[in-house]
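This is what each chain is made of:
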Amino acid sequence: MNDAELDPNQSPEISPQPAIVEGQNESLIDQQTLNQAYAQINGLKSNVQRLLIGQNDVVEQVIIAFLAGGHVLLEGVPGLGKTLLIRALAKSIDLDYKRVQFTPDLMPADVTGHSMLDMASGKFTLRKGPAFTHLLLADEINRAPAKTQAALLEVMQEYQITIDGQSMPLETPFMVLATQNPIDNEGTYPLPEAELDRFMLKVLVSYPEHHDEITLTKLNTENQTGIVNAAIQSVLSKQDVLELKELVSRVLIDDKVVDYAVGLVRATREWDGIVHGAGIRASIALVQAAKVKALCEGQGFVTPDHIKAMLLPVLRHRIILSAEREISGSSAEQVLSEIIQQAASPRQ
């Protein structure tokens, strides 16, 4: 199921103001600041979409996770631009990014770094790994064994790296984008639930539409460099991003909407056909992502529609279906849609 089915308002124009939940306070953010944030976020999306054509939903969800301070698991077949996405995002904000190709022989120190002996001085010096960056692409993360995957757990949860007993905080902003191929299971190691839960969103990258694929084909064949090596300009500074992240914390959410979001998450723990529901991290991620979603639409408060729009990417990797539902052909998206349809929204 495409996420857009639950989030039909994908137009770059500001959508009409939704009905306010009864008791909703006025926004703490003035309209001028909201308009500026809306313009900055849309400018960032448009800049990335110049290279990542036909993946508008994917771009928006990755930006939402980035501004919410979360990490993203991208799932899709090879060749759909997952590496291009992180490069375009990093260049658009003038941030550092590193790419690690996960393989069965990759060691944890290859990701985080290690101490090495300097023969000249006779002392150990720190060799920082690729995790010391702003945007880290863990390509085909499920091809590395659990020991190497576990090297990212501290990085993703505590935003620090410990080497030889010394903990070093990472520079902000920081985000991990991990990719995995859903159709190639040979030589792969499934991600443990504890690691999956640390990803704020799981984003499905699908094939582009016919007209978008035509555009991509033309752009990659009409010049020698192709779209992969196309130049991209920075549209936001690091300070702009930090200010946007601070602005997210000021987006209002009514207690009734929080209760609605938590109720949806709690429903997964006792829903028929789900043997393992989502934990507390899911409730936090859902509310945080909904706040950024509201800001992306130029609004200073969260509505139930924002919660619904973010439910699939937040929860699809946090639930385990029963064998009966899997045998019947049900997907996590279908079961989550059932929960949305049967849950009562706050009165508007």
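Scroll up a little and you will see the structure.
If you're wondering where the values come from, they're calculated on a predicted model, not measured in any experiment.

About the cut-offs
- Residues numbered from 1 in each chain as written.
- Predicted model: local features only at pLDDT ≥ 70, side-chain atom pairs only at ≥ 80, totals over all residues.
- Heavy atoms only, no water.
- Salt bridge = Lys/Arg side-chain N within 4 Å of Asp/Glu carboxyl O.
- Helix = DSSP H or I, 4+ residues; strand = E, 2+ residues; numbered from the N terminus.
- Buried < 20%, exposed > 50% of the residue type's maximum accessible area, 1.4 Å probe, protein only.
- Expected span 1.5 Å × (residues − 1).
- Polar contact = N/O pair within 3.5 Å; in protein donor to acceptor, adjacent residues only side chain to side chain.
- Pairing = 2+ DSSP bridges.
- Core = buried A, V, L, I, M, F, W, Y, C linked by side-chain atoms within 4.5 Å.
- Contact = heavy atoms within 4.5 Å.
- Axes fitted to C-alpha atoms, helices over the stretch in contact; angles between N-to-C directions.
- Parallel < 35°, antiparallel > 145°, perpendicular 65-115°, else oblique.
- Left-handed = near helix turned anticlockwise from the far one by under 90°.
- Nonpolar A, V, L, I, M, F, W, Y, C, P; charged D, E, K, R; others polar.
- Lys, Arg positive; Asp, Glu negative; His and termini not counted.

(A) Representation of the pattern of salt bridges within the structure. As enumerated under the stated definition, the model contains 12 salt bridges in all. For lysine 293, the salt bridge goes to glutamate 60, with nearest N and O atoms at 3.0 Å. Residue lysine 293 is found in helix α11 (residues 280-296), and its partner glutamate 60 is found in helix α2 (residues 56-68); the two are separated by 233 residues along the sequence. A relative accessible area of 1% places lysine 293 in the buried class. For glutamate 60, a relative accessible area of 9% corresponds to the buried category. In this structure, glutamate 75 engages lysine 202 in a salt bridge whose closest nitrogen and oxygen atoms are separated by 3.1 Å. Highlighted residues: glutamate 75 in strand β1 (residues 72-75) and lysine 202 in strand β9 (residues 201-204), separated in sequence by 127 residues. Each member of the pair, glutamate 75 as well as lysine 202, is classed as buried.

(B) Region of the structure containing helix α10 (residues 255-267). Between the first and last C-alpha of α10 there are 18 Å, a value that for 13 residues agrees with the 18 Å anticipated at 1.5 Å per step. Every buried residue belonging to α10 is among Val257, Tyr260, Ala261, Leu264, Val265 and Ala267, and all of these are buried. The N-cap residue of α10 is aspartate 254: its side-chain oxygen and the backbone nitrogen of lysine 256 are 2.9 Å apart.

(C) Quick peek at the pairing of strand β6 (residues 160-163). The two faces of β6 differ: Ile161 and Ile163 on one face are buried, but Gln160 and Thr162 on the other face are not. Of the pairings in the sheet, the one linking β6 to strand β7 (residues 166-169) comprises four bridges and is antiparallel in character. Paired with isoleucine 163 across the bridge in β7 is glutamine 166. Two successive antiparallel strands, β6 and β7, enclose a turn made up of two residues, where aspartate 164 displays a positive phi of approximately 55 degrees.

(D) Quick peek at unusual backbone geometry. Following threonine 172, the chain continues to proline 173 via a peptide bond in cis, the omega torsion being 0 degrees. Along the chain, the position of proline 173 falls in the loop between β7 and β8 (175-180). In the Ramachandran plot, aspartate 94 falls in the positive-phi region, its phi being about 60 degrees despite a non-glycine side chain. For aspartate 164, which is not glycine, the phi torsion reads 55 degrees and is therefore positive. In this fold, aspartate 164 is placed in the loop between β6 and β7.

(E) Local environment of the nonpolar core. Counting residues in each nonpolar core, the largest one holds 78 residues, and the members touching the most others are Val62, Leu74, Leu89, Met175 and Ile307. The dominant element in this core, judged by the number of residues it contributes, is α11, at 10 residues. Setting aside residues no more than four positions away along its own chain, valine 62 makes contact with Val72, Leu74, Leu85, Leu89, Met175 and Leu177. Core analysis: the next-biggest nonpolar cluster, separate from the first, contains 24 residues, Val100, Phe102, Ala131 and Ile163 among them.

(F) Inspection of the packing of α11 against helix α12 (residues 304-315) at higher detail. Relative to each other, α11 and α12 sit at 130 degrees, their axes nearing to 9 Å. With respect to α12, the element α11 is oriented oblique. Our pair here, α11 against α12, has a crossing hand that is right-handed. Taking contact as the criterion, the partners of Ala282, Ala285, Leu286, Ala289, Ala290, Lys293 and Ala294 in α11 are, on α12, His306, Ile307, Ala309, Met310, Leu311, Val314 and Leu315. Its residues placed into classes, the contact of α11 with α12 shows 12 nonpolar, one polar and one charged.

(G) Molecular detail of the side chain of lysine 82. Its location among the elements puts lysine 82 in helix α3 (residues 82-93). No salt bridge is formed by the buried lysine 82. Its closest oppositely charged neighbour is aspartate 139, at 6.2 Å. A distance of 3.0 Å separates a polar atom in the side chain of lysine 82 from the backbone oxygen of valine 77. Residues within four places of lysine 82 in sequence aside, it is in contact with Leu74, Gly76, Val77, Thr179 and Val205.

(H) Highlighting the sheet that holds strand β2 (residues 97-101). Taken in spatial order, the five strands of this open sheet run β2-β5-β8-β1-β9, and their pairing is parallel. This sheet does not close on itself; its edge strands, each paired only once, are β2 and β9. Neighbouring strand axes in the sheet, compared pairwise and without regard to direction, differ in orientation by 20 degrees on average. Summarising the sheet, β1 and β8 pair through four bridges and their orientation is parallel. Across the sheet, the residue bridging to leucine 73 is alanine 178, located in β8.

(I) Examining the pairing of β1 more closely. Side-chain alternation along β1 places Val72 and Leu74 on one buried face and Leu73 and Glu75 on a second face that is also buried. Bridging between β1 and β9 involves four bridges; their strand directions are parallel. Directly across from valine 72, in β9, lies its bridge partner leucine 201.

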